[in-house]
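What follows is the residue order along each chain.
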Amino acid sequence: MSYIRDVLNEEHDGSAVHLRGWVYRTRSSGKLSFIVLRDSTGIIQLLASTRKLQDDKYREISSLTIESSLEVMGILRKDDRAPTGYEVEIEDFKLYQRNENYPITKDQGEEFLLDNRHLWVRSREFTAMMKVRSTVFKAFADFYFKHGYYEVHTPFMVSTAAEGGSTLFKVPFFDEEVYLTQSSQFYLETMIFSLENVFTIAPSFRAEKSRTWRHLTEYWHGEVEAAWLHNEDMMQVEEQMIEYIVQEVVKNNTEELNALGRDVEFLKRIKAPFRRIRYADLIKMTESWGLGMKYGDDLGADEERAIMVHFDQPIFVTHYPSKLKTFYHMPDPDNPDEILCHDMLAPEGYGEIVGGGERISDLNLLEKRMEDYGLNKDNYYWYLDLRRYGSVPHSGFGLGLDRLVLWILHLDNIKEAIPYPRTIRRTKP
Ligand code: 4AD
Ligand code: MG
């Protein structure tokens, strides 16, 4: 038994081959029937004819409908008219399932395809996306393993908010209530005191009520935390990581990128270092683009889109006013109204893919900030303990992995970058 890719790469005209998969397309003309077979690695044309098959067998195979599953034995023939340059003349076959009507046909609407996502995940374009996504997740982990980081696992059911109360999902938990985690950051921080450099890949949950092209209620979050590193050190780690992931995709997924119409040359040019721009300077830059922004305004999807059409590399935006971010960010000693943080914004209008920075490591300062934000310190006793026992400077970040896939593939909506998108209106299938 072989995969289609291996047959196309390694076998020759006249080889006997044995394949299995699903019917992708069919076309019949009297005594000849062409079936395009699909497996996880590619497609190949099969030829069924009464020359090789008994009448009843021929009737069985020539009437197959798409997505039926089968196994075929046959002879490989070079044929320039076939979609991948070869054809397999069928000598024998075994049907696993003959389908009646496959629900997905051409030109169906977005909602129908979302209702039938469990079938749509078989489509060629979705398969290409999932292969790229697989490379992205692997490259993220590989990058950190290569740099001596440890992978850790932290709870999804939590009793402390990391990113503010407005997007918390509450879940009944016996006689209490817990939240679904918005970020693994605080738990990662606990682990730097033993492992120093840690990462995790886990879902984060946000009760996002606004429907935008880049928000999910459940998304995949690659998060990193490292002892001793300051804000600038962490940005250097991140730009290397993004370059590495993008170049791994270029190296391993050229076929998928081409199939999805992505400009591969553009991706090849993504190279660290990325430009650093202070928030205040960015606001000044936006004046010449006529965006009507002033110091203190937050950057949302629309603002970032308007800004990032002017860049063809990712950028870091640093030194946000502290009131735009949450309580744990380290104030800039030279100007305590701004913080030592960074967002990485993706070019071509995509905007924020990373949020990170240096954490407050001083107990008194952290307690003061929690008071300013109206948080109950008792709930965070363990987070505060990290500043009581052996506190060290440290920094970290969170990367939205679905957003990274969205940008790398130049997709229109984050729902196209994840198999089962969860949004305010969708939890099925
Ligand atoms: O900027 P955020 O909210 O930062 C944090 O959660 C930090 N605690 C991370 C850390 O420092 N460990 O989220 C980080 C990233 C964003 O830059 C974005 O890429 C992604 O997570 N993200 C979302 N992706 C999809 N859907 C959503 N609703 C998202 N919210 C954030
Ligand atoms: Mg953010």
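This structure is a prediction, so every number in the text was calculated from the model and none was measured.

Trainee: Go over the site of ligand 1, please, and point to the residues and values.
Mentor: Near ligand 1 lie 22 residues; those nearest to it are E163, Q185, L216, E223 and E352. Note that a nitrogen atom of ligand 1 is positioned 3.1 Å from one of the side-chain N or O atoms of E208. The protein chains hide 94% of the 620 Å² of surface that ligand 1 would expose on its own. Where the shell around ligand 1 is concerned, the elements lending two or more residues are β11 (218–227), β17 (351–358) and β18 (394–400). Counting residues per element, the shell around ligand 1 draws most heavily on β17, at four residues. For the shell around ligand 1, the residue count by class is seven nonpolar, seven polar and eight charged.

Trainee: Provide a residue-level description of the packing of helix α5 (residues 124–146) against helix α14 (residues 401–408), including the pertinent values.
Mentor: The interhelical angle for the contact between α5 and α14, taken along N-to-C directions, is 125°, at an axis separation of 10 Å. By the criterion of interaxial angle, the relationship of α5 to α14 is oblique. Considering the relative orientation of α5 and α14, their crossing is right-handed. Within the contact between the two elements, α5 uses M129, R133, V136, F137 and F140 and α14 uses L401, D402, L404, V405 and I408. Residues belonging to the contact of α5 with α14 are distributed by class as follows: eight nonpolar, no polar and two charged.

Trainee: So what about the side chain of E243? Which residues, and what values?
Mentor: Inspection of the secondary structure assignment puts E243 in helix α7 (residues 231–252). As a buried residue without a salt bridge, E243 has its nearest oppositely charged side chain in K271, at a separation of 4.3 Å. Beyond its immediate chain neighbours, meaning those up to four positions away, E243 contacts I270, K271 and A272.

Trainee: Give a description of the nonpolar core that names residues and reports values.
Mentor: Residues V136, F140, Y144, I242, L399 and W407 are the most contacted members of the largest nonpolar core, which totals 61 residues. For F140, the residues in contact, after removing those within four places along its chain, are F199, T200, I201, G222, E223, V224, M241, I245, F397, L399 and L401. One finds V17, L19, L37 and Y58 within the second-largest nonpolar core, a separate group that totals 21 residues.

Trainee: Pulling in residues and values, what's your account of the environment of T26?
Mentor: Following the sequence through the fold, T26 ends up in strand β1 (residues 16–29). Separated by 38 residues in sequence, T26 and L64 have C-alpha atoms that sit 7.7 Å apart. Dropping the residues within four chain positions of it, T26 is found in contact with F34, I35 and L64.

Trainee: Which residues make up the sheet that holds strand β7 (residues 157–158), and what values do they have?
Mentor: With respect to topology, three strands assemble into an open sheet ordered β7-β9-β8, the strand pairing being antiparallel. Each edge of the sheet is formed by a strand with only one pairing partner; in this case those strands are β7 and β8 (169–173). The pairing of β7 with strand β9 (residues 176–180) spans two bridges and is antiparallel. Residue V158 lies in a different strand from β9, and its bridge partner there is Y179.

Trainee: Any chance you could break down the packing of α5 against α7 for me, citing the residues and the numbers?
Mentor: For the pair α5 and α7, interaxial distance at closest approach is 9 Å and the crossing angle is 135°. Classified by the angle between their axes, α5 and α7 sit oblique to one another. Crossing of α5 against α7: the hand is right-handed. Across from V132, T135, V136, A139, F140, D142, F143, Y144 and K146 in α5, the residues of α7 making contact are V237, Q240, M241, Y244, I245, E248, V249 and N252. Here the contact of α5 with α7 is built from residues that sort into 11 nonpolar, three polar and three charged.

Trainee: Break down the packing of aromatic side chains for me, citing the residues and quoting the values.
Mentor: One pass over the structure, following the stated rule, counts 25 aromatic pairs. Note on F327 and Y383: the rings are 6.4 Å apart at their centroids and 80° apart in plane angle, and the pair reads as edge-to-face. Taken together, the residues F327 in the loop between β13 (315–318) and β14 (331–332) and Y383 in helix α13 (residues 381–385) connect sequence positions 56 residues apart. With a relative accessible area of 1%, F327 lands in the buried category. Joined through ring pairs, the aromatic side chains of F140, F143, Y144, F145, Y149, F199, Y244 and F397 make up one cluster. The ring of Y320 has K325 sitting right over it, with the charged end atom 4.2 Å from the ring centre. Positioned over the ring face of Y383 is R387, at 4.2 Å from the centre of the ring.

Criteria and thresholds
Residues numbered from 1 in each chain as written. Chains lettered and ligands numbered in written order. Predicted model: local features only at pLDDT ≥ 70, side-chain atom pairs only at ≥ 80, totals over all residues. Heavy atoms only, no water. Near = heavy atom within 4 Å. Polar contact = N/O pair within 3.5 Å; in protein donor to acceptor, adjacent residues only side chain to side chain. Areas by Shrake-Rupley, 256 points an atom, 1.4 Å probe, with all protein chains shown as cover. Helix = DSSP H or I, 4+ residues; strand = E, 2+ residues; numbered from the N terminus. Nonpolar A, V, L, I, M, F, W, Y, C, P; charged D, E, K, R; others polar. Axes fitted to C-alpha atoms, helices over the stretch in contact; angles between N-to-C directions. Parallel < 35°, antiparallel > 145°, perpendicular 65-115°, else oblique. Left-handed = near helix turned anticlockwise from the far one by under 90°. Contact = heavy atoms within 4.5 Å. Buried < 20%, exposed > 50% of the residue type's maximum accessible area, 1.4 Å probe, protein only. Lys, Arg positive; Asp, Glu negative; His and termini not counted. Salt bridge = Lys/Arg side-chain N within 4 Å of Asp/Glu carboxyl O. Core = buried A, V, L, I, M, F, W, Y, C linked by side-chain atoms within 4.5 Å. Pairing = 2+ DSSP bridges. Phe/Tyr/Trp six-rings, centres within 6.5 Å; stacked < 30°, edge-to-face > 60°. Lys NZ or Arg CZ within 6 Å of the ring centre and 35° of its normal.

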